[in-house]
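Overview (structure and organization)
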Amino acid sequence: MLNDNDEEKKDDDKEEEDKPPLMEEITIPSVTELVEVGVQFLPTKGGITSIDFDKESRTFHIPIINLDENSEVVLRNLVAYEACSASGPLVLTRYTELMNGIIDTENDAKLLCERRIIINHLKNEKEVTGLWNGMNSIEERERDEGEKGIWGESREVQRRANEEEWYSDVEEENEDDLDALRGSDEEGERYAVWNDDMEKRGVDLFVGLQFATRKKYKEVLKDWVVRRGWDLKFLKSERDKVTAICKNGCDWRIHASSVMKTSSYQIKSIKGKHICNHRTDNMQADYKYIGKRIQHFIKDNPNEGLESLKNKIRRDVQVECSMHKVYRAKRYALELLRGDVKEQYNRLYDYCATVVKHNPNSSMVLKVDRSLTPPVLERMYCCLSGCKEGLLDGCRPIIGLDGCFLKGLYKGQLLTAVGRDGNDNLVPIAYAMVEVEKFDTWEWFLNLLLRDIGSHEDRGWAFLSD
Ligand SMILES: [Zn+2]
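In this text, all values refer to a predicted model and were calculated from it rather than measured experimentally.

**Digging into the confidence of the model for the protein**
Residue-level pLDDT values for the protein average 80, and 82% of them are 70 or greater. Confidence drops under a pLDDT of 50 for residues 1-25, and excluding neighbours within four residues, the segment shows 16 contacts in the predicted structure. Contacts of residues 183-188 to residues separated by more than four positions or lying in other chains number zero contacts, the stretch itself having pLDDT below 50.

Written out as structure tokens, the structure reads:
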């Protein structure tokens, strides 16, 4: 199990290392937005190199392009050709990205057609919008999946060489939702931060919601979709941005990115409507996820068989998984529980010190085998002052002794001493956790007990045991 954890750590590290460097995000406003703030669009007779923005007159110069049903294929091939053979900057690629960036809606396309920058031979503006945005989405997908596709090997290599250029300005249109939410209020914005309470209440994800880390965001997102029976596909999973879509291919998508170079993550947009059927073959529900979900069940039923556990997972998590996955999930859940218990054992010294601090005259004794590295806990004895005084003040001099097995992950046995008060009620006096019930451990326990409650000669104790 430890190996699994290591693996996970390695995976995470690797994931972080593979990410391109954190980059300034560039938001490209749409044509409509630019026109609204007074930017003019003028067609140029020159080629791509004639693209220009004149700050003085606030005029965007863009070359004229004729679009018909062959344009998309031609553009794609040109972009591919450029990626294979260009030694300098990928100007055509940048041009298609620019056009995709400024054309978000039919209205954007309409405005460019009216200004004769786009000469439209397609059926309508919707097709123009689809052409540019469609090109982008397919490129993104290929990039993410590392598919060679029609672009061939060399494009992939070129792509890596131009990684910085490539990654710098995709997805910006998705920032719009948050910008709209943000309004004109720039300073002192406060967004809801995901917390455990929201987790318990099953709060829906919404635009603007923040998460402490990228890892937390992905964890919550996974849980959110699995609980709804959806499956995800990550289009982009970089250090500073994560975009996911519905795996069934409906138009639902969610985009989040890091907040101003901090470790915080924020949902920037949620688009589309998910209308797909429930999926039980959910890839997001990996063995670790399932392990976490069944952790409490395993805690109560550590010996539950795999077959019935599989049924339990189908019923409660609503995910169908292989026996192997059930096995790994169970092992992972046990590991999580052990880690938990281990952590508590690690704090026994603190626990004893705290008990004594708040209950003066109490006895807390830890017996540790220091000949081993690391030292191993053998026994713990506890006699609270209140119990001790209760016995001395108002109980008969009769002490009952018994032992029982501990059923936690670390086993051992519990020894107890109880008294009886004037009303015949049981009064706990002291207890000890020992490795095993034997003469030596009883002797150790009784010596400590007598030290606390006074000797047999002084008090005339009578002991009862089975
Ligand atoms: Zn869907």
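**Considerations on the sheet that holds strand S1 (residues 40-44)**
If you trace the three strands from one edge of the open sheet to the other, you get S1-S3-S2, paired in mixed fashion. Bordering the open sheet on either side are S1 and strand S2 (52-54), each of which pairs with just one other strand. Strand after strand, the sheet turns through a mean of 25 degrees between neighbouring axes, direction not considered. As paired elements, S2 and strand S3 (residues 59-63) share three bridges and run antiparallel to each other. From the neighbouring strand, Phe53 faces S3, where its bridge partner is Phe60.

**Re the sheet that holds strand S6 (residues 210-211)**
Read across the sheet, five strands follow the order S6-S10-S9-S8-S7 without closing on themselves; strand pairing throughout is antiparallel. A single partner strand is all that each edge strand has here, and the edge strands are S6 and strand S7 (232-237). Across five bridges, the pairing between strand S8 (residues 241-246) and strand S9 (residues 253-258) is antiparallel. Among the inter-strand pairings, Ala244 is bridged to a residue of S9, identified as Ile254. Relative to the sheet, helix H11 (residues 214-228) contacts S6, S7, S8, S9 and strand S10 (265-271), its axis offset from that of S8 by approximately 10 degrees.

**Thoughts on the packing of helix H13 (residues 306-316) against helix H14 (residues 323-346)**
In the contact formed by H13 and H14, the axes pass within 10 Å of each other and the chain directions differ by 90 degrees. Between H13 and H14, the interaxial angle falls into the category roughly perpendicular. For the pair H13 and H14, contact is made by Leu306, Leu309, Lys310 and Ile313 and by Met323, Val326, Tyr327 and Lys330, respectively. Split into classes, the residues belonging to the contact of H13 with H14 amount to six nonpolar, no polar and two charged.

**Section: unusual backbone geometry**
Excluding glycine, most residues fall at negative phi; most peptide bonds, likewise, are trans. Residue Pro374 is bonded to the preceding Thr373 through a cis peptide linkage, with omega at -10 degrees. With respect to the helices and strands, the residue Pro374 is situated in the loop between strand S11 (363-369) and strand S12 (376-383). Residues other than glycine seldom take positive phi values, yet Arg116 does so here, at roughly 60 degrees. You can see Arg116 is positioned in the loop between helix H5 (106-114) and strand S5 (118-120). Its 11 C-beta neighbours within 10 Å are what place Arg116 among the exposed residues. Even without being a glycine, Asp424 presents a positive backbone phi close to 65 degrees.

About the criteria used
Residues numbered from 1 in each chain as written. Predicted model: local features only at pLDDT ≥ 70, side-chain atom pairs only at ≥ 80, totals over all residues. pLDDT = per-residue confidence, 0-100. Contact = placed C-beta atoms within 7 Å. Pairing = 2+ DSSP bridges. Helix = DSSP H or I, 4+ residues; strand = E, 2+ residues; numbered from the N terminus. Axes fitted to C-alpha atoms, helices over the stretch in contact; angles between N-to-C directions. Parallel < 35°, antiparallel > 145°, perpendicular 65-115°, else oblique. Nonpolar A, V, L, I, M, F, W, Y, C, P; charged D, E, K, R; others polar. Buried ≥ 20, exposed ≤ 12 C-beta atoms within 10 Å, placed from the backbone.

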